[in-house]
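Here is how the chains run, residue by residue.
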Amino acid sequence: MTFPIKITVNGKSHETEVDPRTLLVHFLREDCQLTGTHVGCDTSNCGACTVLLNGEAVKSCTVLTVQATNQEVQTVEGLAPPDGPYTPIQEGFRQEHGLQCGYCTPGMLMAGTALLNEIDNPSEEQIREHLEGNLCRCTGYEMIVRSIQWAAENPDGIPVEIGEGS
Amino acid sequence: MIPAKFDYKPASSAEEAIALLAEYGDEAKIIAGGHSLLPLMKLRLANPEVLIDIGGINDLSFIEDKGDHIAVGALTRHRLVEQSDLLKEHIPLLAHTAGHVGDPQVRNRGTIGGSLCHGDPASDLPAVVLATRASLLITGPNGERKVEADDFFTDFWETAVAEDELLTEIQFPKFTGQEWSFQKFNRRAQDWAIVGCALQHSDNPGIGMINMGTTPVRASAAEAALKSGEANSDVADLADDGLSPPSDIHGQEDYRRHLSRVLLGRALDNS
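To keep things clear, this report deals only with the structure shown in the data block. (Residues numbered from 1 in each chain as written. Chains lettered and ligands numbered in written order. Predicted model: local features only at pLDDT ≥ 70, side-chain atom pairs only at ≥ 80, totals over all residues.)

**Let's talk about the packing of helix α3 (residues 105-118) of chain A against helix α5 (residues 141-153) of chain A**
Residues and elements named next belong to chain A.
(1) Moving on: Direction vectors running N to C along α3 and α5 enclose 40°, while the axes themselves pass 11 Å from each other. What the angle tells us is that α3 and α5 run oblique. The interaxial crossing formed by α3 with α5 has right-handed handedness. Side by side, α3 and α5 meet where Met108, Gly112, Leu115 and Leu116 of the first sit next to Ile144, Ile148, Ala151 and Ala152 of the second.
(2) Moving on: When grouped by side-chain class, the residues that make up the contact of α3 with α5 number seven nonpolar, one polar and no charged. (Axes fitted to C-alpha atoms, helices over the stretch in contact; angles between N-to-C directions. Helix = DSSP H or I, 4+ residues; strand = E, 2+ residues; numbered from the N terminus. Parallel < 35°, antiparallel > 145°, perpendicular 65-115°, else oblique. Left-handed = near helix turned anticlockwise from the far one by under 90°. Contact = placed C-beta atoms within 7 Å. Nonpolar A, V, L, I, M, F, W, Y, C, P; charged D, E, K, R; others polar.)

What follows is the structure, given as structure tokens:
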């Protein structure tokens, strides 16, 4: 049995029907083809699946798609427009080498985005507390924290055309 | 991991949720934020045939000053509890502890009522409900009834909320004392407490213990000692008196007994 849903993902409305047991992360990855959101632990520990639901960071492996109906979801694909520029958080991760293997990065970017939406200039302690629900198996936390600090210090980012490299 | 199949029934009011519970009986489970239930369903430890979603009932999310107590709606998310100025002023132990549940993402979704109805002895908020001597309003087909904190947690993952009932509100008496503390010992950020304790020190002190029994439990002997004015160290030595902490992968019973005395000692010294 399916259930009708209407969800806005990165500004685009999706009206469809899903099996009620479909987790939001699977809807995003498999139905919306937005594979930037990762499935990590699948037990609401690691935060790799973090997306914004109505602007708040949530773990999409622990939200049913039907629970998000009539609501707005933002994924990592919704940060920078296709023709750039990167958001300050994304640019911060580039400037400060905030990723190693990159698996946790989408979740880190979304958790960091939620933090900076709430607090313009967080302290290092606030950043670390806010990332409590995001694990980096490469243990690259120092550079992740610095990346978010860079974004806080550079709220206008650096305009870089995506795809040109630099 | 994907839950087993179920029928999904969103409810738009408490009355509708209760009507759905009456219709589907023990086949149904209530889902609010889903941060206790969905992990169990993904592990197939819970397999409800019908899921009644109360997440859209905005009337059940509130924090209101009612004179001698603060009323908190069952659907109020941890984050709102953590940030509430009203709760910071009148029940600071609750606001502080809500900020230590899980991690920020979990606190954005999880609800106070969901956490309490899960009845997990390892959860943080049940200890606060015990320490603050809160009352819980439960609504069912025959109307509303009030249950005191001591009567709410009945067994492992079991509460006084019957299969046809819904927890709607928690009433926290305003705290008039000055001293309170929340202590949680875990090995990693965001883990469940191996042991924890919530303390409110007033004329009628309350001490709720985390992971010290099959249900959330009160440290009654320590409370009595504190009330009669015994020294902090003597009170702390009674933290596990009469309690039966479990042994599991995180710690043996004697280790938990030791931890409970250390943590209550810290709570008393820090409060």
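Next comes the rest of the description.
**Brief notes about the nonpolar core**
(1) Moving on: Core analysis: the largest hydrophobic core is formed by 130 residues, its most contacted members being Ile52, Cys197 and Leu264 of chain B.
(2) Moving on: Per element, the largest residue contribution to this core is seven residues, and it comes from α3 of chain A. (Core = buried A, V, L, I, M, F, W, Y, C linked by C-beta atoms within 7 Å. Buried ≥ 20, exposed ≤ 12 C-beta atoms within 10 Å, placed from the backbone.)

**So, the environment of aspartate 124 of chain B**
Residues and elements named next belong to chain B.
(1) Moving on: With respect to the helices, strands and loops of the structure, aspartate 124 is situated in the loop between α7 (112-118) and α8 (125-131).
(2) Moving on: Each C-alpha atom, one on aspartate 124 and one on alanine 198, is 8.3 Å from the other, the two residues being 74 residues apart in sequence.
(3) Moving on: Residue contacts for aspartate 124: discarding those within four places in its chain leaves Thr97, His100, Val101, Lys184, Ala193, Gly196 and Ile210.

**Considerations on the interface of chain A and chain B**
(1) Moving on: Each partner contributes to the interface: chain A provides 23 residues, whereas chain B provides 22 residues.
(2) Moving on: A per-element tally of the side of chain A that touches chain B places strand β4 (residues 56-59) of chain A first, with four residues.
(3) Moving on: Considering only residue class, the side of chain A that touches chain B consists of nine nonpolar, nine polar and five charged.

Any functional reading would require information that these geometric values do not contain.
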